[in-house]
Amino acid sequence: MVVKDTLQNPLANAPKLDYTRIMNGGAREEILQSMKDYAFFYIVNIPNFDPQGEVDVMENFFNQPQEVKEKYASIKNNSSNSNVLRGYGFTKSSAGQPIEEVFNIGQYERRDIQIEDVSCRAEYIAREPNVWPEETDLDSNSKNFQAVLQNGFKIRMKLARKLVEEIAAGLKYPQFVELFKEAEFSSFYLKKYTEREEKDNKVIYEADSGYTMKAEDGRDLSIPSHVDTTVTLLATYSNGGLQALYKDSWYDVPSVMGSLLVMSGQLIEELSDGKLPPLRHRVIDIKADRYSTPFFFNPSFHADISKSLSGIETVTGKEHKTFGPWQVIQLHRDEPLLLHSQSLN
């Protein structure tokens, strides 16, 4: 698998679907065809979407002093806090400086259940309320951090629900919508990647020895080759670095400012009987600060993921009948910045 010349990049032809056409049901066939042909597409002309505003508040927050950011860190990075999944997390370089930082936002502003109301501690954590920085800890350019990002979450959540409805209708799979009714673990991640040395990647990914952190041309990767798990809406803003595997070759994925890139993951491929293939992708270390915001729209904790569209047993369903227990395993693997080995137990 080699990296092909971007001047002959077939991903430049990936569809750009209009928000209004999606929301009024006019793009259903194009959604399915785009996923079949490219495993992703862009959504453009999104009302009230403020990509530059999102970049500005992210930059301002992540540029705050480390002691300020750690006030809002998960318990992994700040043992005096109680938040497990939402809030700030980071990994340091061998020199002791943050080289990868996240801030995780969910749908809950308060938790209106007790732990005895749910099946396990992980389900309780899935409903963890958001952690927002106090305005007194932000400079004047970051005062609207919460408002901008709550707006971004609302836009993505509304779009994700509509996309699931359109996919369900196109596949004649009405049960698909019901799988996402609660969507407790859905997450909106703010991410900052900083230039790192090869040895720093081993700190982050040392538990996953199968990962390769070099591209074929020798460039370092900041995220290794992988597929996501469920439904992803990704904003890369004007940043390069994202690459996708297309017909056995790696190509740069064009960044389209003001768009959201939609891809599906491993579990969606299983549930759809292979009709919605996942996008294998990775990120090149661009040797500069890079910001992105993946939004992961996940099925409900108790959603039955054991049977596909046609009723056959899914690969995932052989070990986990419902989504929550499977997601716990995925999060432990995929979220080393926020979680430690006992976070969701």
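Please read these numbers as outputs of a predicted model, since none were measured by experiment.

Before going further, it helps to examine the pattern of salt bridges. Here the structure, examined in full by the defined rule, presents 19 salt bridges. In this structure, the salt-bridge partner of Arg-127 is Glu-184, at a minimum N-O distance of 3.7 Å. Here Arg-127 is found in the loop between helix H5 (121-126) and helix H6 (145-171), whereas its partner Glu-184 is found in the loop between helix H7 (175-178) and strand E5 (187-193), with 57 residues between them in sequence. A relative accessible area of 16% means that Arg-127 is categorised as buried. Asp-304 is the salt-bridge partner of Lys-321, the closest N and O atoms lying 2.9 Å from each other. In this pair, Lys-321 sits in the loop between strand E12 (290-297) and helix H10 (323-334) while Asp-304 sits in the loop between E12 and H10, placing the two residues 17 residues apart along the sequence. We classify Asp-304 as partly exposed; its relative accessible area is 32%.

Turning our attention to the packing of aromatic side chains. Under the counting rule described, the total for this entry stands at 21 aromatic pairs. A centroid spacing of 5.6 Å and a plane angle of 65° characterise the contact between Phe-61 and Phe-62, whose relative ring orientation is edge-to-face. Since its relative accessible area comes to 2%, Phe-62 is described here as buried. Look at Phe-185 and Phe-301: their rings are 6.0 Å apart centre to centre, the planes differ by 35°, and that puts the pair in the tilted class. Separated by 116 residues along the polypeptide, Phe-185 in the loop between H7 and E5 and Phe-301 in the loop between E12 and H10 bring together distant segments of the chain. A residue is classified by how much of its surface remains accessible, and Phe-301, at 3% relative accessible area, is buried. Among the aromatic side chains, those forming a connected cluster through ring pairs are Phe-61, Phe-62, Tyr-88, Phe-90, Phe-103, Trp-132, Phe-145 and Tyr-291. Against the face of Tyr-189 rests Lys-191, its NZ or CZ located 5.4 Å from the ring centre. Residue placement shows Arg-282 over the ring face of Trp-250; its charged tip is 4.1 Å from the ring centre.

Between helix H2 (residues 28-37) and H6, the least distance of the axes is 9 Å, while the angle of their chain directions is 85°. Between H2 and H6, the angle is such that the two are roughly perpendicular. Contacts between H2 and H6 involve Arg-28, Ile-31 and Leu-32 on the former and, on the latter, Leu-163, Glu-166, Ile-167, Ala-169, Gly-170 and Leu-171. For the contact of H2 with H6, the per-class residue count stands at 6 nonpolar, 1 polar and 2 charged.

Rules of the game
Residues numbered from 1 in each chain as written. Predicted model: local features only at pLDDT ≥ 70, side-chain atom pairs only at ≥ 80, totals over all residues. Heavy atoms only, no water. Salt bridge = Lys/Arg side-chain N within 4 Å of Asp/Glu carboxyl O. Helix = DSSP H or I, 4+ residues; strand = E, 2+ residues; numbered from the N terminus. Buried < 20%, exposed > 50% of the residue type's maximum accessible area, 1.4 Å probe, protein only. Phe/Tyr/Trp six-rings, centres within 6.5 Å; stacked < 30°, edge-to-face > 60°. Lys NZ or Arg CZ within 6 Å of the ring centre and 35° of its normal. Axes fitted to C-alpha atoms, helices over the stretch in contact; angles between N-to-C directions. Parallel < 35°, antiparallel > 145°, perpendicular 65-115°, else oblique. Contact = heavy atoms within 4.5 Å. Nonpolar A, V, L, I, M, F, W, Y, C, P; charged D, E, K, R; others polar.

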